[in-house]
Number of protein chains: 2
Amino acid sequence: MNPKAFFKMSYGMYVVCSKDGDKVNGQIANTVTQVASEPALIAVAINKKNLTHEYIDKSKVLTVSILAQDTPLSFIGNFGFKSGRDIDKFKGIDYTTQETGVPIVTDNALAYMEAKVIGQTDAVTHTVFVCQVISAEVVKEGEPMTYAYYHEVKRGSTPKSAPSYVEIKKEEKPVMSKYECTVCGYIYDPELGDPEGKIPPGTPFEKIPDNWVCPVCGAAKSDFKKV
Amino acid sequence: MNPKAFFKMSYGMYVVCSKDGDKVNGQIANTVTQVASEPALIAVAINKKNLTHEYIDKSKVLTVSILAQDTPLSFIGNFGFKSGRDIDKFKGIDYTTQETGVPIVTDNALAYMEAKVIGQTDAVTHTVFVCQVISAEVVKEGEPMTYAYYHEVKRGSTPKSAPSYVEIKKEEKPVMSKYECTVCGYIYDPELGDPEGKIPPGTPFEKIPDNWVCPVCGAAKSDFKKV
């Protein structure tokens, strides 16, 4: 089996939120699809280890926000690489609530939908939830972020709990010293710098200020190691 | 509910094939996602009315071919807008078979996977099949076709059995006379012509030769009506 075959599949990037009583949580997911139009149904695959999975499994309600192409890495890092068990992911984030009371993230969202689980099936490490959409709205016009764009253009990384996480052995040694975030796997490439973090292209890792943090997960500079 | 919210979701374009004894069939699908990596699992949503659904439901085996961006509309029309009940969709198509005997379409494919159904869940008009991948290979390098690319760049149309089919009322009258295929919904736009069918941009519909056929579904010119 060639794991690279899976890299040709296309996905969007979404924030999926749910709740358990008064507790709320959300996470990044790329595996959201519309599976029927009358009635409007979506399928959402979530890792069983994630807190959001626990909440969806209990409350049977969730929301999906479709992320815009210009969503900052730091936003994805907050929802994708941190756990709601440790932090409040909604601090400083714009969201609203409607019928189910589950947060609907509107920050960096092109559109959102609120849905109720009508069926679910086991997928070993994950569960696929089939949900009936009860409301859906456009937030703003713009291009959606695709998973390919996230990886190729924004150099994002994939958390180990994601469906598409695969460890690929590096075949070539980089010519320049790149550094990898040991928390989330983000690679700092000195040729590209980190424009969002105000680090211009051509800046060696060693010259980055010590208070700089990983643009994806917010880890400290000292959490990076040379690759 | 605003149906335009769903248009912001991102998908690839795939041919999904299955078999029933010696009979084989395949269809276009956009709702294929990887839902787990260890073991490698995919989810595939298929309309219950489709022959491919009947075959998957019986045999519990299927293959997925990931289509390249430069896949011709006529190829998509063959697999997406015709029924295997009426024609042999594999005539003139390159494919191979492996363990399960289900055709693996390699024409216009970047990669493929062969899989066995391990679970399924009802989605009213559709079924979501969760499948364990038993083999996966890359066919060639290239960009995958996304559903957005298919719609925006190639002006593809959506069959009524697709999850994402929605009738949207036209808000503006076109300035020039466009014609719509009554079989598949493809719109002939005289400003763009039909380069694949050797109709140059700027050709009015009336001046197209009578033996010209719909580039998506192969319907006759007489099956078009003015919009």
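It should be emphasised that the depicted structure is a prediction, and the values quoted were computed from it without experimental measurement.

1. A closer look at the overall build of chain A
Along the backbone of chain A there are 3 helices and 12 strands. For 227 residues, the compact-globule estimate of 2.2 N^0.38 gives 17 Å, and chain A sits close to it at 18 Å. Dimensions along the principal axes, computed over C-alpha positions, put chain A at roughly 55 × 45 × 35 Å. Within chain A, the fraction of its 227 residues that count as buried is 53%. Sequence separation of 24 or more characterises 62% of the internal contacts of chain A that already satisfy a separation of 6 or more. A total of about 10200 Å² of accessible surface is found on chain A, and carbon and sulfur atoms cover 49% of it. Measuring between centres, the 26 positive side-chain charges of chain A sit 7 Å from its 28 negative side-chain charges.

2. As for the sheet that holds strand 12 (residues 224–226) of chain A
Residue and element names in this part refer to chain A. Pairing is antiparallel across the open sheet formed by 3 strands, whose spatial order is 11-10-12. The sheet is open, and its two borders are formed by strand 11 (187–188) and strand 12, each paired with just one other strand. By the bridge criterion, 2 bridges tie strand 10 (residues 179–181) to strand 11 in an arrangement that is antiparallel. What sits directly across from Y179, in strand 11, is Y188.

3. Considering the confidence of the model for chain A
Low-pLDDT stretches of the model should not have their predicted coordinates read in fine detail. All names here are of chain A. For chain A, mean pLDDT is 90; residues scoring 70 or higher make up 95% of the total. A low-confidence stretch, residues 170–174 stays under pLDDT 50, and its non-local contacts, those more than four residues away or across chains, total 3 contacts. This complex was scored by the predictor with a pTM of 0.80 and an ipTM of 0.78.

4. Some thoughts on the interface of chain A and chain B
With 56 residues of chain A at the contact, the number on the chain B side is 56 residues. Applying the counting criterion to the chain A and chain B interface returns 12 residue pairs in polar contact (both at pLDDT 80 or more). Contributing elements (two or more residues each) for the side of chain A that touches chain B: strand 3 (32–37), strand 4 (40–47), strand 8 (109–123) and strand 9 (126–138) of chain A. Sorting elements by how many residues they give to the side of chain A that touches chain B places strand 8 of chain A first, with 10 residues.

5. Quick notes on empty space enclosed by the protein
Under the counting rule described, the total for this entry stands at 2 cavities of 30 Å³ or more. Roughly 70 Å³ of volume is contained in the largest cavity. Surrounding the largest cavity, 15 residues form its lining, T33(A), A43(A), V128(A), T33(B) and A43(B) being those nearest its centre. Taken together, the residues of the lining of the largest cavity break down into 11 nonpolar, 4 polar and no charged. For the second largest cavity, the full set of lining residues is S10(A), Y11(A), N30(A), V32(A), T33(A), S10(B), Y11(B), G12(B), Y14(B), N30(B), V32(B) and T33(B). Going through the elements one at a time, strand 3 of chain A together with strand 3 (32–37) of chain B are the ones with two or more residues in the lining of the second largest cavity.

6. Observations regarding the layout of surface pockets
If you add up the space inside the second largest pocket, you get close to 360 Å³. In terms of lining, the second largest pocket is formed by 20 residues, of which the most central are S37(A), E38(A), P39(A), Y165(B) and V166(B). The residue makeup of the lining of the second largest pocket, split by class, is 9 nonpolar, 7 polar and 4 charged.

7. Here's the deal with helix 1 (residues 51–59) of chain B
Residue and element names in this part refer to chain B. For helix 1, the set of buried residues is L51, T52, H53, Y55 and I56. In this structure, the buried residues of helix 1 make contact with strand 1 (14–20), strand 2 (23–29), strand 4 (40–47), strand 5 (61–67), strand 8 (109–123) and strand 9 (126–138). At the exit of helix 1 stands K60, carrying a positive phi of roughly 60°.

8. Let's talk about the side chain of K8(B)
Tracing the chain through its elements places K8(B) in the segment before strand 1. Classification of K8(B) by relative accessible area gives buried; the value is 12%. One polar contact links the side chain of K8(B) to the main-chain carbonyl oxygen of G142(A), over a distance of 3.4 Å. Ignoring sequence-local partners within four residues, the contact set of K8(B) consists of I66(A), L110(A), A111(A), K140(A), E141(A), G142(A) and P144(A).

9. Observations concerning the relation of the copies chain A and chain B
Superposition record for chain A on chain B: RMSD 0.1 Å, screw rotation 180°, translation along axis 0.0 Å. Put plainly, the chains are arranged around a two-fold axis. Minimal C-alpha separation from the rotation axis in chain A is found for Y11(A), amounting to 2.6 Å. Both copies contact each other with a shared surface, as 100% of the interface residues of chain A are interface residues in chain B too.

Parameters and conventions
Residues numbered from 1 in each chain as written. Chains lettered and ligands numbered in written order. Predicted model: local features only at pLDDT ≥ 70, side-chain atom pairs only at ≥ 80, totals over all residues. Heavy atoms only, no water. Helix = DSSP H or I, 4+ residues; strand = E, 2+ residues; numbered from the N terminus. Rg over C-alpha atoms; globule rule 2.2 N^0.38 Å. Buried < 20%, exposed > 50% of the residue type's maximum accessible area, 1.4 Å probe, protein only. Contact = heavy atoms within 4.5 Å. Areas by Shrake-Rupley, 256 points an atom, 1.4 Å probe, with all protein chains shown as cover. Lys, Arg positive; Asp, Glu negative; His and termini not counted. Charge placed at Lys NZ, Arg CZ, Asp CG, Glu CD. Pairing = 2+ DSSP bridges. pLDDT = per-residue confidence, 0-100. Polar contact = N/O pair within 3.5 Å; in protein donor to acceptor, adjacent residues only side chain to side chain. 1 Å grid on protein atoms, 1.4 Å probe; cavity = no way out; pocket = protein on both sides within 12 Å on 5 of 7 lines; lining within 4 Å. Points joined across faces, edges and corners; volume = space filled by probe spheres on them. Nonpolar A, V, L, I, M, F, W, Y, C, P; charged D, E, K, R; others polar. Least-squares fit on C-alpha atoms with pLDDT ≥ 70 in both.

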